[in-house]
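So the chains spell out like this:
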Amino acid sequence: MEGLAIRASRPSILCSLPGLNGGSHRRPISDGFLRLPTSSNAADKPKLVAKSASLHPISAVNVSAQASLTADFPALSETNVKEERINGDKKPENIVWHESSICRCDRQQLLQQKGCVIWITGLSGSGKSTVACALSKALFERGKLTYTLDGDNVRHGLNRDLTFKAEDRTENIRRIGEVAKLFADVGVICIASLISPYRRDRDECRSLLPEGDFVEVFMDVPLSVCESRDPKGLYKLARAGKIKGFTGIDDPYEAPLNCEVVLKHTGDDDSCSPRQMAEHIISYLQNKGYLEG
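Let us look at the structure shown here. The structure presented is a predicted model; accordingly, all values stated were derived computationally and were not measured.

This brings us to the nonpolar core. Among the nonpolar cores identified, the biggest contains 25 residues, and Ile118, Ile120, Leu135, Val217, Leu263, Ile281 and Leu285 are the most heavily contacted of them. Those residues in contact with Ile120 that lie beyond four places of it in its chain are Lys128, Val131, Ala132, Ile191, Ala192, Ser193, Leu194, Val217 and Met219. Membership of the second largest hydrophobic core comes to 14 residues, among which are Val117, Ala180, Cys205 and Leu209.

Have a look at this one:
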């Protein structure tokens, strides 16, 4: 079996290395590697004994496919965390889900409602945030607990490190989907209001929840209407080329194919009022039993 390489994090470490170069003596460890001879006889293996009170951490590197850190240096086995790559990031393997003594059904019974996610999607200016606020208020008046995850609001905190590039938009949706799932598990009716232009990303969020607990609401409002509203002045900036990758202008919006609720713009102020749209969503929730414990 080949030897093991020990990397010292600081050059000031002094150790006693019996059997190294024919004797036991104190010598400084460099920032490079020291080769420690190994033997098939466990009694012949060198023992690393710290002699300095200012000892810094030492990391072990396996230089042979057959070498075993756990077998040769048991004290180092606790720091040998298994990792795997998921979506380009390292994620520990040795994590286990810890079950709570209070389950979702207990919380729903306490709140007298069922947790779910109302995912309102549509172009900028389609009225997503306005409808979300109207829905939250209408449910509050019925004694139901809700929380709204507004796309702009979340970017002030949790997602403030993300841009509007395609990959960051995907991560933005993923994070909001995970947070929304937690709210639903608590028993809260979570209202997520954001453009979420890509169908694949919305479907990924749907897959996080049990069947039926993801209610996709499509604000079906023509681009011309959204652009005429332009409450934030973003369409004007996009048309002038001052904003790149703006949804509906130079970046696509993929409309839902099989959403639960469609709120279509008809031009009728009464049927298109935020309150009326909110009541339409509430009717769906009532029919599905989400407003009961």
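Once that is clear, we can look at the sheet that holds strand S12 (residues 214-220). Pairing is parallel in the open sheet, where 5 strands are placed in the order S10-S11-S9-S12-S13. Edge positions in the sheet fall to strand S10 (146-150) and strand S13 (261-264), since each has one partner strand and no second. Each strand axis lies, on average, 20° off the axis of its neighbour in the sheet, ignoring direction. Across 5 bridges, strand S9 (residues 116-121) lies against S12 in parallel orientation.

On to the packing of helix H3 (residues 128-141) against helix H9 (residues 274-287), then. Direction vectors running N to C along H3 and H9 enclose 60°, while the axes themselves pass 8 Å from each other. Of the possible angle classes, the one that applies to H3 and H9 is oblique. By crossing handedness, the relation of H3 to H9 is classed as right-handed. Mapping the contact onto sequence places Thr130, Val131, Ala134, Leu135, Ala138, Leu139 and Glu141 in H3 and Pro274, Arg275, Met277, Ala278, Glu279, Ile281, Ile282 and Leu285 in H9. Within the contact of H3 with H9, the residues separate by chemical class into 11 nonpolar, 1 polar and 3 charged.

Tallied over the entire structure, the rule returns 17 salt bridges. Of the charged contacts, one joins Glu171 and Arg175 as a salt bridge, the two residues approaching to 2.8 Å between their closest N and O atoms. With Glu171 and Arg175 both in helix H5 (residues 166-186), this residue pair falls 4 residues apart, about one helical turn. Judged by its relative accessible area of 19%, Arg175 falls in the buried class. Arg206 is the partner of Glu216 in a salt bridge, and the nearest nitrogen-oxygen pair spans 3.2 Å. You can see Glu216 sitting in strand S12 and its partner Arg206 sitting in helix H6 (residues 199-207), a full 10 residues away along the chain. A residue is classified by how much of its surface remains accessible, and Arg206, at 24% relative accessible area, is partly exposed. Each of Glu141, Arg142, Arg275 and Glu279 takes part in a single network of salt bridges with overlapping partners.

Moving on: H6. For H6, the full list of buried residues reads Asp201, Arg202 and Cys205. One side of H6 carries all its buried residues, which in axial view fall inside an arc of 100°. Relative to its buried face, H6 has exposed residues pointing more than 90 degrees away, namely Arg200, Glu204 and Ser207. Looking at the buried side of H6, the elements it contacts are S9, H5 and S12.

Conventions and cut-offs
- Residues numbered from 1 in each chain as written.
- Predicted model: local features only at pLDDT ≥ 70, side-chain atom pairs only at ≥ 80, totals over all residues.
- Heavy atoms only, no water.
- Core = buried A, V, L, I, M, F, W, Y, C linked by side-chain atoms within 4.5 Å.
- Buried < 20%, exposed > 50% of the residue type's maximum accessible area, 1.4 Å probe, protein only.
- Contact = heavy atoms within 4.5 Å.
- Pairing = 2+ DSSP bridges.
- Helix = DSSP H or I, 4+ residues; strand = E, 2+ residues; numbered from the N terminus.
- Axes fitted to C-alpha atoms, helices over the stretch in contact; angles between N-to-C directions.
- Parallel < 35°, antiparallel > 145°, perpendicular 65-115°, else oblique.
- Left-handed = near helix turned anticlockwise from the far one by under 90°.
- Nonpolar A, V, L, I, M, F, W, Y, C, P; charged D, E, K, R; others polar.
- Salt bridge = Lys/Arg side-chain N within 4 Å of Asp/Glu carboxyl O.
- Arc of directions from axis to C-beta.

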